[in-house]
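This is what each chain is made of:
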Amino acid sequence: MNEMIKGIKERRSIRKFKPEMPEKKDLEQIIEAGLCAPNGKGKQSTIIVAVINKELRDKISKANGKIGGWEEDFDPFYGAPAILIVLAEKDWPTRVYDGSLVMGNMMLASHSLGLGSIWIHRAKEEFEKEEYQEILKSLGIEGEWEGIGHCAIGFIEGENPKAPERKENRVFWVE
Ligand SMILES: Cc1cc2nc3c(=O)[nH]c(=O)nc-3n(C[C@H](O)[C@H](O)[C@H](O)COP(=O)(O)O)c2cc1C
């Protein structure tokens with residue numbers, strides 16, 4: 001098995017992170033891998049907001065938990081210190097597919113660098129709030145953006161979980 005397929009098979013969603021921030025050069029590589037994802041018509045309609053500021057990270061965590069309906073003290077990012085938020089142009093037809101591939105590349109790149117990651121949902125609902133569009137504007141990001149997902153990244157606390165068995169009868173060959 002080659003290294004890439006091995007990595008794809010090993011990667012798991014991580015739900016317990018150490019508080020230490022990964023090195024910025026590693027986050028930059030992960031982001032670059034995300035930006036290299038295939039995308040509809042080659043439009044490159046996605047952007048990434050890389051949150052390594054604890055104050056904003058905690059604020060987004062609170063908002064995310066509220067949308068999800070969890071208890072106040074639950075951190076939906078499981079302690080991950082870096083949150084890479086993928087957004088896509090709101091009126092672009094393949095925005096969700098494009099953004100999902102960015103997310104996939106970033107999770108695999110994280111794994112290849114020995115970091116844990118997980119897709120955390122509800123970015124769409126977050127960025128429907130005026131307050132979040134204002135955050136984008138404050139970063140100099142103009143236009144209408146839809147939240148696709150948060151890629152929460154950090155050092156894994158504990159073991160990399162084992163993959164559940166793949167369900168059977170999911171492939172239909174036509175030969
Ligand atoms: C679109 C999408 C949204 C997800 N949202 C969440 C989430 O909000 N919280 C969470 O704990 N896991 C979330 N996950 C992670 C999935 O639960 C996880 O990928 C799945 O259980 C399979 O586990 P694996 O990634 O380890 O293979 C999400 C995954 C995807 C693809």
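Remember, it's a predicted structure, so these values are computed and weren't measured experimentally. (Residues numbered from 1 in each chain as written. Predicted model: local features only at pLDDT ≥ 70, side-chain atom pairs only at ≥ 80, totals over all residues. Heavy atoms only, no water.)

Observations concerning the state of the cysteines
Using the criterion set out here, one finds zero disulfides in the structure. The cysteine Cys36 is free of any disulfide, with Cys151 supplying the nearest cysteine sulfur at 15 Å. (Disulfide = S-S within 2.5 Å.)

Brief notes about the sheet that holds strand β4 (residues 145-154)
Pairing in this open sheet of four strands is antiparallel, and the strands run β1-β2-β4-β3 from one edge to the other. In this open sheet, the two edge strands, each paired with only one partner strand, are β1 (46-51) and β3 (116-120). Strand-to-strand twist of the sheet, defined as the mean angle between neighbouring strand axes without regard to direction, takes the value 25°. Lying over the sheet, helix α3 (residues 54-68) contacts β1, β2 (82-89), β3 and β4, oriented at roughly 115° with respect to β1. (Pairing = 2+ DSSP bridges. Helix = DSSP H or I, 4+ residues; strand = E, 2+ residues; numbered from the N terminus. Axes fitted to C-alpha atoms, helices over the stretch in contact; angles between N-to-C directions. Contact = heavy atoms within 4.5 Å.)

A look at the nonpolar core
Nonpolar side chains in soluble globular proteins tend to end up buried together. The biggest cluster of nonpolar side chains holds 20 residues, and the ones touching the most others in it are Val49, Ile83, Ile85, Leu87 and Leu136. Beyond its immediate chain neighbours, meaning those up to four positions away, Ile83 contacts Val49, Ala50, Val51, Arg57, Phe77, His150, Cys151 and Ala152. Counting 17 residues, the second largest nonpolar core, distinct from the first, contains Ala37, Leu84, Ala109 and Cys151. (Core = buried A, V, L, I, M, F, W, Y, C linked by side-chain atoms within 4.5 Å. Buried < 20%, exposed > 50% of the residue type's maximum accessible area, 1.4 Å probe, protein only.)

Observations concerning empty space enclosed by the protein
Following the criterion strictly, the structure yields two cavities of 30 Å³ or more and no others. Taken as a whole, the largest cavity encloses approximately 50 Å³ of empty space. In terms of lining, the largest cavity is formed by Val49, Val51, Leu56, Ile60, Ile85, Phe127, Tyr132, Ile135, Leu136 and Leu139. Contributing elements (two or more residues each) for the lining of the largest cavity: β1, α3 and α6 (130-138). The biggest single contributor to the lining of the largest cavity is α6, with three residues. Its residues assigned to classes, the lining of the largest cavity comprises ten nonpolar, no polar and no charged. Of the pockets and cavities examined, the second largest cavity occupies roughly 30 Å³. (1 Å grid on protein atoms, 1.4 Å probe; cavity = no way out; pocket = protein on both sides within 12 Å on 5 of 7 lines; lining within 4 Å. Points joined across faces, edges and corners; volume = space filled by probe spheres on them. Nonpolar A, V, L, I, M, F, W, Y, C, P; charged D, E, K, R; others polar.)

Points about the packing of aromatic side chains
Here the distance between the centres and the angle between the planes together describe a pair of aromatic rings. Scanning the entire structure with this criterion turns up three aromatic pairs. With centroids separated by 5.2 Å and ring planes inclined at 50°, the aromatic side chains of Trp70 and Phe74 adopt a geometry described as tilted. Exposure remark for Phe74: the relative accessible area of 31% places this residue in the partly exposed category. The rings of Trp70, Phe74 and Tyr78 are connected pair by pair, giving a single aromatic cluster. The positively charged end of Lys43 is found above the aromatic ring belonging to Trp92, 4.8 Å away from the centroid. (Phe/Tyr/Trp six-rings, centres within 6.5 Å; stacked < 30°, edge-to-face > 60°. Lys NZ or Arg CZ within 6 Å of the ring centre and 35° of its normal.)

Some thoughts on the packing of α3 against α6
Between α3 and α6, the least distance of the axes is 12 Å, while the angle of their chain directions is 155°. With respect to α6, the element α3 is oriented roughly antiparallel. Every pair of crossing elements has a handedness; the one defined by α3 and α6 is left-handed. For the pair α3 and α6, contact is made by Leu56, Lys59, Ile60 and Ala63 and by Glu131, Tyr132 and Ile135, respectively. Broken down by class, the residue content of the contact of α3 with α6 amounts to five nonpolar, no polar and two charged. (Parallel < 35°, antiparallel > 145°, perpendicular 65-115°, else oblique. Left-handed = near helix turned anticlockwise from the far one by under 90°.)

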